[in-house]
Structure formats: C-alpha cells, structure tokens
Amino acid sequence: MAILKVARMGHPVLRETCRPIDPAKIAGPEVQRLIRDMLETMFEYNGVGLAAPQVYTPVRLVIAGGEQREDGGPLLRVLINPEITVLDETRREGMYEGCLSIPGWRGYVERPAHIRVKALDEAGKPLDLELEGYPAIVMQHECDHLDGILYVDRVEDHSKLGFEEEIQRYHDLAAPDDADDADEDD
Ligand code: NI
C-alpha cells in the first residue's frame, strides 16, 4: 500500500476526460492496487471521497463516502465506470464543498438532491444506487472529476468561494445532513 501524491488544481490531469476501465481488468493487480492506494490516500488526508485522476490516473474510478453503515460507521463505495442519472431536476441541495485537489478552499455549490448511480464495484459486480442529500452531493462531486470538472466550476456566486478560515468565519458552512461533514474534502 502507498499514500499517493494528490494532484492540485492547475495540473492538466484534473481536466482530462477519464477513460473507462475494462471490466475484465477489475480483478487484476493494477486496478486492485489503485483501489487500495486510493483508500489509503483518502484516509491519510481525511477525505470523504477521491477520484482516480486526483492521483494522476485518468481512469473512471472513484471512492465515495458520505453514507452510513447500519452500525453508524462510514460506508465507503468503490465505483468503476459510474453513470449518474438525475431523478428529480427540481430538487437541489447546496453546501460548501471542498476538494483535496484545492486544499484550503471552500465553495458553495448547489446540485440535484436525488440521483441514481450505476457502476461496477471493486469486485466487478453491478451497483445500482439511489442517493439523496449529502451522499448524492459527494457522488456527483467525485464523478465530476472523471469529466475534468472541479467544484469551483459549479460555484455560481463567487462571493461564496474562498479560503476555509474566512468561509468558516463569515459564512454558514452547514451541510444539508450533517454539519460535521463540512470539514471534509472530496
Ligand atoms: Ni474533489
């Protein structure tokens, strides 16, 4: 296992359209090592999610948190070749997002609050999830990375984009479900 370097905004790898992963290769050592290293990297930097291009590997793989297990612990999902469908265009939810590739910054983004995501998991099995609220926001943030989109691209009101300390001092950082989550970076 290894803690990987995280690409920061400005590096072109974050602006690439990532290539799909061949499902036949999911069980292979390369993809499995990438998943393990991404998990370790995410824990090290206290992220709630991480996308492969953030560790300089432009393939369609993300790790997304934000959900809870039945025992209350965090539920992390590995999603390969994810595809998001918005289930309700009218309902949107906003929060101050952060990103490990944009350290020290926060920005207010509104996104659809109810989505469906289809993907393959780390074992190559199909996943079909319906997500709402905070987990839906995390998932969209991570999947945006696969198309070269960063949350700052989606900040409409630039007065709500800035350094974490100033945002914490002058703005309401609360996340829709759990204000504690606002401390984490995606
Ligand atoms: Ni991010």
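Bear in mind the structure is a predicted one, so any value in this text is a computation, not a measurement.

Looking at the environment of V78
Mapped onto the fold, V78 is located in strand β3 (residues 74-86). Those residues in contact with V78 that lie beyond four places of it in its chain are I35, L61, V62, I63, L120, D121, E122 and L127.

Overview of the sheet that holds strand β6 (residues 114-120)
Backbone hydrogen bonds are what pair the strands of a sheet, in a parallel or an antiparallel way. With antiparallel pairing, the five strands of this open sheet are ordered in space as β1-β2-β3-β6-β7. Edge strands, defined here as strands with exactly one partner in the open sheet, are β1 (49-51) and β7 (126-132). Ignoring strand direction, the axes of neighbouring strands in this sheet form an average angle of 45 degrees. Relative to β7, β6 is paired through seven bridges, and the arrangement is antiparallel. Its bridge partner being in β7, A119 is matched across the sheet by L127. Its contacts with the sheet put helix α1 (residues 29-44) on β1, β2 (61-68) and β3, and the angle it makes with β2 is roughly 45 degrees. Here helix α2 (residues 133-145) sits on the sheet in contact with β1, β2, β3, β6 and β7, set at roughly 170 degrees to β2.

A few points about the pattern of salt bridges
What the rule picks out here adds up to 11 salt bridges. R69 is paired through a salt bridge with D71; the nearest N and O atoms lie 3.1 Å apart. Owing to a relative accessible area of 41%, R69 belongs among the partly exposed residues under this scheme. On the basis of relative accessible area, D71 is assigned to the exposed category, the value being 59%. Taking the shortest distance from any N to any O, the salt bridge between E164 and R106 comes out at 3.0 Å. Here R106 lies in strand β5 (residues 105-112) and E164 lies in helix α3 (residues 164-170), a separation of 58 residues in the sequence. Here E164 falls in the partly exposed class, since its relative accessible area comes to 24%.

What counts and what doesn't
- Residues numbered from 1 in each chain as written.
- Predicted model: local features only at pLDDT ≥ 70, side-chain atom pairs only at ≥ 80, totals over all residues.
- Heavy atoms only, no water.
- Helix = DSSP H or I, 4+ residues; strand = E, 2+ residues; numbered from the N terminus.
- Contact = heavy atoms within 4.5 Å.
- Pairing = 2+ DSSP bridges.
- Axes fitted to C-alpha atoms, helices over the stretch in contact; angles between N-to-C directions.
- Salt bridge = Lys/Arg side-chain N within 4 Å of Asp/Glu carboxyl O.
- Buried < 20%, exposed > 50% of the residue type's maximum accessible area, 1.4 Å probe, protein only.

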